[in-house]
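What follows is the residue order along each chain.
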Amino acid sequence: MAANELVIDLPQRLTVDMSEQARKLMAKSLHCEEVEIKCRGSGVQVVDATGIQLLLSLHSSAAREGKRVVIINPSPQLSEATIYSGADKVLTTEEVV
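Heads up: these notes are all about the structure in this document. Along every chain, residues carry numbers that run from 1 in the direction the sequence is written. Given that this is a predicted model, residues contribute local features only at a pLDDT of at least 70 and side-chain atom pairs are listed and counted only at 80 or more, while totals for whole chains, interfaces and linings are drawn from all residues. Derived side-chain values reflect all non-hydrogen atoms in the structure, with water molecules and hydrogen atoms excluded from consideration.

## Thoughts on the side chain of E5
Only runs of H or I of at least four residues qualify as helices and only runs of E of at least two qualify as strands under DSSP, and these elements are numbered from the N terminus. Position of E5 relative to the elements: it lies in strand β1 (residues 5-9). Residue E5 is classed as buried on the basis of its relative accessible area of 10%. When checking whether two residues touch, look at their non-hydrogen atoms; a contact exists if any pair is within 4.5 Å. Contacts of E5, omitting those with residues within four sequence positions, involve E34, E36 and K38. Burial classes: relative accessible area under 20% of the type maximum marks a residue as buried, over 50% as exposed, and values in between as partly exposed (1.4 Å probe, protein chains only).

## As for unusual backbone geometry
Among all residues save glycine, negative phi is the norm, and among peptide bonds the norm is trans. For N73, which is not a glycine, the phi torsion comes out positive at approximately 50°. With respect to the element layout, N73 can be found in the loop between β5 (68-72) and α3 (76-85).

## What to know about the state of the cysteines
Here, two cysteine sulfur atoms that lie within 2.5 Å of each other are counted as a disulfide. Applying the stated criterion to the full structure yields zero disulfides. The cysteine C32 is free of any disulfide, with C39 supplying the nearest cysteine sulfur at 10 Å. Its relative accessible area of 17% is what places C32 among the buried residues.

## A short note on the pattern of salt bridges
Every case where a carboxyl oxygen of Asp or Glu lies within 4 Å of a side-chain nitrogen of Lys or Arg is listed as a salt bridge. As enumerated under the stated definition, the model contains six salt bridges in all. In this structure, the salt-bridge partner of D9 is R40, at a minimum N-O distance of 3.0 Å. Here D9 is found in strand β1, whereas its partner R40 is found in strand β3 (residues 36-40), with 31 residues between them in sequence. Residue classification places D9 among the partly exposed positions, given a relative accessible area of 48%. Overall, the relative accessible area of 38% leaves R40 in the partly exposed class.

## Some words on the nonpolar core
Grouping buried Ala, Val, Leu, Ile, Met, Phe, Trp, Tyr and Cys residues that are joined through side-chain atoms within 4.5 Å yields what is termed a nonpolar core. With 20 residues, the main nonpolar core has L10, L14, M26, I37, C39, L55 and L78 as its most contacted residues. Broken down by secondary-structure element, the contributors of at least two residues to this core are α1 (20-28), β3, α2 (49-64), β5 and α3. Among the elements that make up this core, the one with the highest residue count is α2 (four residues).

Here it is, written out as structure tokens:
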């Protein structure tokens, strides 16, 4: 992990009923000093419109703060949901070995 990035793990369920703890962690990441927020998406098993909206909101808020959000190693479910919703045109993803 580079000195200017924060890495967080996305929850297994990126849905309307995901835990409040996960929502707070994502919101808190905006207030960190790091310039890049990396969200590990490999463990995401279920995604709904609320989960996509949460990622888009995080992206917008981060951009206003001069930060960048990158989803690393998105699961097939997360990739499919972003493509289906059109969010793949806005959200940055990256495959990391």
